[in-house]
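Residue-level structure breakdown
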Amino acid sequence: MTLAQQIITIVVIILGTMLTRFLPFLIFPAGKPTPKYIQYLGRVLPAAVFGLLVIYCLKDVSILAGNHGLPELAAVTVVIALHLWKKQMLLSIAGGTVCYMLLVQLVF
């Protein structure tokens, strides 16, 4: 890329980031109540996103081949146990990821 193309790319990225950061404050000002539909989306989308991530992560696991999905099952169990114990999403995700990576690299 030429220098001009690099500058244009950086400016477009900055504008896109600023737009996504400032647009909600422009659409939903502090003095007006948030529409019911947006409140509904705020309640249901986090769970839907995590459900989608779980399905995406486990879609290619084959219980009939290789290690039969044992590292994945162990990591999912660790995530559930950590979340039930500490109720901290970041800790649960990080713990499950570390468990899976250690199992795949050192055991299976």
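It should be noted that the structure appears before, not after, this text.
A quick note: this is a predicted structure, and the numbers were derived from the prediction, not measured. Each residue is numbered by its place in its chain's sequence as written, counting from 1. Totals for whole chains, interfaces and linings use every residue, but because this is a predicted model, local features are given only for residues with pLDDT of at least 70 and side-chain atom pairs only at 80 or more, for both listing and counting. Where side-chain values are given, they derive from all heavy atoms of the structure, hydrogens and water being excluded.

Notes on the pattern of salt bridges
- Salt bridges are defined as contacts in which a side-chain nitrogen from Lys or Arg sits within 4 Å of a carboxyl oxygen from Asp or Glu. According to the stated counting rule, one finds one salt bridge in the structure shown.
- The salt bridge involving Asp60 is made with Lys59; its shortest N-O contact spans 2.9 Å.

Side note on the side chain of Glu72
- With respect to the helices and strands, Glu72 occurs in helix α3 (residues 70–86).
- Here Glu72 is buried and forms no salt bridge, its nearest opposite-charge partner Lys59 lying at an N-O distance of 12 Å.
- With near-sequence residues (within four places) excluded, Glu72 lies in contact with Leu58, Val61, Asn67 and Tyr100. Helix and strand definitions here come from DSSP, where helices need a minimum of 4 consecutive H or I residues and strands a minimum of 2 consecutive E residues; each element is numbered from the N-terminal end. Accessibility here uses a 1.4 Å probe with only protein chains present; expressed as a share of the type maximum, an area under 20% marks a residue as buried, one over 50% as exposed, and anything in between as partly exposed. The convention is simple: Lys and Arg are positive, Asp and Glu are negative, and His and the chain ends are not counted. Two residues form a contact once any of their heavy atoms are found within 4.5 Å.

What to know about helix α4 (residues 89–107)
- One less than the number of residues in a helix, times 1.5 Å, gives the span that helix is expected to have. Look at α4: 26 Å from first C-alpha to last across 19 residues, which is about the 27 Å you get at 1.5 Å a residue.
- Lining the buried residues of α4 we find α3.

Examining the packing of α3 against α4
- The axes are straight lines fitted to the C-alpha atoms, using for helices just the contacting stretch, and the angles between their N-to-C directions are given from 0 to 180°. At a minimum axis distance of 8 Å, the contact between α3 and α4 shows a crossing angle of 155 degrees. Between α3 and α4, the angle falls in the class roughly antiparallel. Where α3 crosses over α4, the handedness of that crossing is right-handed. Contacts between α3 and α4 involve Pro71, Glu72, Ala74, Ala75, Val78, Val79, Leu82, His83 and Lys86 from the first element and Met89, Leu91, Ser92, Gly95, Gly96, Cys99, Tyr100, Leu103 and Val104 from the second.
- Ten residue types, Ala, Val, Leu, Ile, Met, Phe, Trp, Tyr, Cys and Pro, are classed as nonpolar, four, Asp, Glu, Lys and Arg, as charged, and the remainder, Gly among them, as polar. When the residues that make up the contact of α3 with α4 are grouped by side-chain class, the tally is 12 nonpolar, four polar and two charged. In this scheme, roughly parallel covers angles under 35 degrees and roughly antiparallel covers those over 145, while 65 to 115 is roughly perpendicular and the rest are oblique. In this scheme the crossing of two helices becomes right-handed for a clockwise turn of the near helix relative to the far one and left-handed for an anticlockwise turn of less than a right angle.

By themselves, these observations are geometric and do not establish any function.
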